[in-house]
Amino acid sequence: MSIAQNTETAAKLRCIACGATPDSASQDFRCTACGDLLEFFFPGRSFDPTSLKALWLNRRTSRHALDQSGVWRFRELLPHIPNLEEHAITLREGNTPLYRLPRCARAAGVENLHAKHQGMNPTASFKDTGMTFAASSAHQSGFRWVACASTGNTSASMAAYAARGNMHSLVLIPEGKISWGKLSQSLDYGALTCQLRTDFDGCVQILNDLVRQKPVYLLNSVNPYRIEGQKTAAIELMEQLAWEPPDHIIVPGGNLGNSSAIGKALLEMRELKLISRLPRLSIIQAHGANPFYRSVREFGGRKLEPMTADTLATAIRIGNPASWKKALRVLQATGGEVEEVSEIEIAAAKAEIGADGIGCEPASAVTLAGLKKLRQSGFVKPGEAVVLILTGHALKDPDFTIKFHRGELFADKPVAGTPEETEAAQAKYLQRAPVVLDANLGAVIAALDAADRNS
Ligand code: F0G
């Protein structure tokens, strides 16, 4: 089955490498001429920016399901899906809060720091914004089965949207390397969940072969509909900031679909004069899963060497990111930077975001850890406005959080005199292990008094 492209509007598919403009995408969403990724573009599109902003704002008061979604509310900037009312699958995704982070701002040495919390989506990660759009497209194309390879969040999201749209879903996840929270979601939403004895990159390979043989619709972020839906996080962010762009937006980098989507939205918004200048979009990876960081720093983005990835931030445990060329393009177009952060830096940053009363999953916390490094290097200045994109909810991976606070996260003690030892000592201040007490008032009062003295 090929995926029909709508002919009613201006949206067209284009290969990011050879520029071919196919009428429809094949099932692996790769260019049939050169094998690279496809993207949507909108030739000749123009809007009156003031009217468009007013229309979107007005929809906030609507009772219509599509208007209540923080994705479909911005549908003018997305490709048109024919018979949308019949095919749209929405859980009222998007509409995520923008929070000030005062404590994290002090820790990072900036005055104006916000977090856009994409973990406040229906399945508790940013994936829902792309999934509502791509799952609706699968429905419109008549597929019975949808499928993805995942580190856990894409699968949770896909399983939910497939269930809502009465489609079957097939999940391929690396055995033992995703959090229980995420695994439990895909079970509850009724997916056929296969834990493969490989890593994420191995799951992707098998899925790519599968979609060439079976009529299943691929819902990984190589699917350009996913990217289009995920653009709306940036549009919503600009609306929340009264269309006054921050100086920096910082995102985690795994398979690099999210950074590509946010960057694409920024470039489109500037072209359409919805914003007057571009924020710099920076991408942070875990040191143990840093192929993009190395590509940019070591090879100037000329090539990407896949690696065997390893990090406790399992969501971004990815060694061969599919969308690296798209991410490179937006990094360069916005003048952003890449950084890598250590496991201890990630854990400390996560606890700091938690201490601001917000919380997030480990992969999201690379943003704050990365911001600290970008401050140290001088790339981010103290007076500049910064927005972190938090991608997943704190309850996605409670195991990580509990182990951190109990001091059990890192099995090996850092070597004395190394930077890791200093980082571990700093992280210790953030640890709040639970206290087990006898069930009597005196013991609780003693614990309270001790904590009060130390606070
Ligand atoms: N943060 C979280 C919480 C994620 O789940 C992911 C990716 C990322 C960041 C990285 O985003 O891949 O677009 O660069 N999770 C995917 C998944 C791979 O299968 O859930 P990216």
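The coordinates are above.
Overview of the structure. (Residues numbered from 1 in each chain as written. Predicted model: local features only at pLDDT ≥ 70, side-chain atom pairs only at ≥ 80, totals over all residues. Heavy atoms only, no water.)

### Topic: the overall build of the protein chain
Here is the rule: Numbering goes from the N terminus for both helices and strands, where a helix is a DSSP run of H or I of at least four residues and a strand is a run of E of at least two. Just to be clear, the radius of gyration here is over C-alpha atoms, and the globule rule we use is 2.2 Å times residues to the power 0.38. Classification of residues uses two cut-offs on accessible area relative to the type maximum, computed with a 1.4 Å probe and protein chains only: under 20% is buried, over 50% is exposed, and between them is partly exposed. The accessible surface values rely on the Shrake-Rupley method and a 1.4 Å probe; as for residues, cover is taken only from the protein chains in view.
Assigned secondary structure in the protein chain consists of 17 helices and 12 strands. The C-alpha atoms of the protein chain give a radius of gyration of 22 Å, which matches the 23 Å a tight globule of 455 residues would have. Its C-alpha atoms put the protein chain at 70 × 50 × 45 Å along the principal axes. Relative to its full complement of 455 residues, the protein chain shows a buried share of 56%. As displayed, the protein chain offers around 19300 Å² of accessible surface, 50% of which is attributable to carbon and sulfur atoms.

### Re the nonpolar core
Cut-off, in case you're wondering: Residues enter a nonpolar core if they are buried and are Ala, Val, Leu, Ile, Met, Phe, Trp, Tyr or Cys, with the set joined through side-chain atoms within 4.5 Å.
Trp72, Val146, Met158, Met167, Leu207, Tyr217 and Leu219 are the most contacted members of the largest nonpolar core, which totals 53 residues. Every element with two or more residues in this core is listed here: β1 (12-15), β2 (38-41), α5 (127-140), β5 (145-149), α6 (153-164), β6 (168-174), α8 (200-213) and β8 (216-218). Within the second largest apolar cluster, 34 residues are counted, among which are Leu77, Ile249, Val251 and Leu304.

### Quick word on the side chain of Asn121
Rules: Pairs of N or O atoms are called polar contacts if they sit within 3.5 Å, as long as, within protein, a hydrogen donor faces a hydrogen acceptor (for residues adjacent in sequence, only side-chain-to-side-chain pairs).
Within the fold, Asn121 resides in the loop between β4 (112-117) and α5. A distance of 2.6 Å separates the side chain of Asn121 from the backbone nitrogen of Gly94, its partner in a polar contact.

### Quick look at the site of the ligand
Keep this limit in mind: Whether a residue is near a molecule or strand depends on its heavy atoms: it is near if one of them lies within 4 Å of it. Polar here means any residue outside two lists: the nonpolar Ala, Val, Leu, Ile, Met, Phe, Trp, Tyr, Cys and Pro, and the charged Asp, Glu, Lys and Arg; Gly therefore counts as polar.
Near the ligand lie 20 residues; those nearest to it are Ser150, Thr151, Asn255, Leu256 and Thr391. Within the contact set of the ligand, an oxygen atom lies 2.8 Å away from a side-chain nitrogen or oxygen of Asn153. In isolation the ligand has 470 Å² of accessible area, and contact with the protein removes 98% of it. Contributions of two or more residues to the shell around the ligand are made by α6 and α10 (257-271). When grouped by side-chain class, the residues that make up the shell around the ligand number 7 nonpolar, 11 polar and 2 charged.

### Considering α5
The criterion, for reference: Helix span, expected: 1.5 Å multiplied by one less than the number of residues in the helix. For this analysis, residues touch if any pair of their heavy atoms sits within 4.5 Å.
Spanning 14 residues, α5 covers 20 Å between terminal C-alpha atoms, matching the ideal 20 Å at 1.5 Å per step. Among the 14 residues that make up α5, 12 are buried, leaving the element largely enclosed by the rest of the structure. Where α5 is concerned, the buried positions are Lys127, Asp128, Thr129, Gly130, Met131, Thr132, Phe133, Ala134, Ala135, Ser136, Ser137 and Ala138. Packing partners of the buried residues in α5 comprise α3 (84-87), β5, α6, β8 and α9 (224-240). Backbone geometry just after α5 places Gly142 at a positive phi near 85 degrees.

### Structural notes on α10
When the terminal C-alpha atoms of α10 are compared, their 21 Å separation across 15 residues agrees well with the 21 Å that a helix rising 1.5 Å per residue should span. Where burial is concerned, most of α10 is hidden: 12 out of the 15 residues are buried. Buried within α10 are the following residues: Gly257, Asn258, Ser259, Ser260, Ala261, Ile262, Gly263, Lys264, Ala265, Leu266, Glu268 and Met269. In this structure, the buried side of α10 is in contact with β2, α9, β9 (248-252), β10 (280-286), α12 (324-334) and β12 (385-390). Among the residues trailing α10, Lys273 stands out with phi positive, at a value near 60 degrees.

### Topic: the sheet that holds β6
Definition in use: Here, a strand pair is defined by DSSP locating no fewer than two bridges between the strands. Geometry is summarised by axes, namely lines fitted to C-alpha atoms with helices restricted to the contacting stretch, and by angles between N-to-C directions that run from 0 to 180 degrees.
Read across the sheet, 4 strands follow the order β7-β6-β5-β8 without closing on themselves; strand pairing throughout is parallel. The outermost strands of the open sheet, each flanked by one partner alone, are β7 (192-196) and β8. Taken pair by pair, the neighbouring strands of this sheet meet at an average axis angle of 25 degrees, ignoring direction. In this structure, β5 lies alongside β8, joined through 3 bridges in parallel fashion. Residue pairing for β8: Val146 is matched across the bridge by Tyr217.

### What about the packing of α5 against α9?
How we decide: What sets the label is the angle itself: under 35 degrees gives roughly parallel, over 145 gives roughly antiparallel, 65 to 115 gives roughly perpendicular, and the rest give oblique. Each crossing gets its handedness from the near helix: less than a right angle anticlockwise from the far helix is left-handed, clockwise is right-handed.
Their axes nearest at 7 Å, the elements α5 and α9 cross at an angle of 135 degrees. Judged by the angle between their axes, α5 and α9 are oblique. α9 is crossed by α5, and the crossing has right-handed handedness. Between α5 and α9, the residues in contact are Lys127, Thr129, Gly130, Met131, Phe133, Ala134 and Ser137 and Tyr225, Arg226, Glu228, Gly229, Gln230 and Thr232, respectively. Broken down by class, the residue content of the contact of α5 with α9 amounts to 4 nonpolar, 6 polar and 3 charged.

### Some thoughts on the pairing of β6
The line we're drawing: Looking down the strands as they point away from you, a crossover is right-handed if its path from the first strand over the helix to the second goes clockwise.
Burial analysis of β6 places 6 of its 7 residues in the buried class, which makes it a mostly covered element. Of the strand pairs in this sheet, β5 and β6 are connected by 5 bridges, and their pairing is parallel. When the bridges of β6 are listed, Ala149 appears paired with Leu172. In terms of strand pairing, β6 meets β7 through 5 bridges, oriented parallel. From the neighbouring strand, Val171 faces β7, where its bridge partner is Thr193. For the handedness criterion, the β-α-β arrangement of β6, helix α7 (residues 180-188) and β7 is classed as right-handed.

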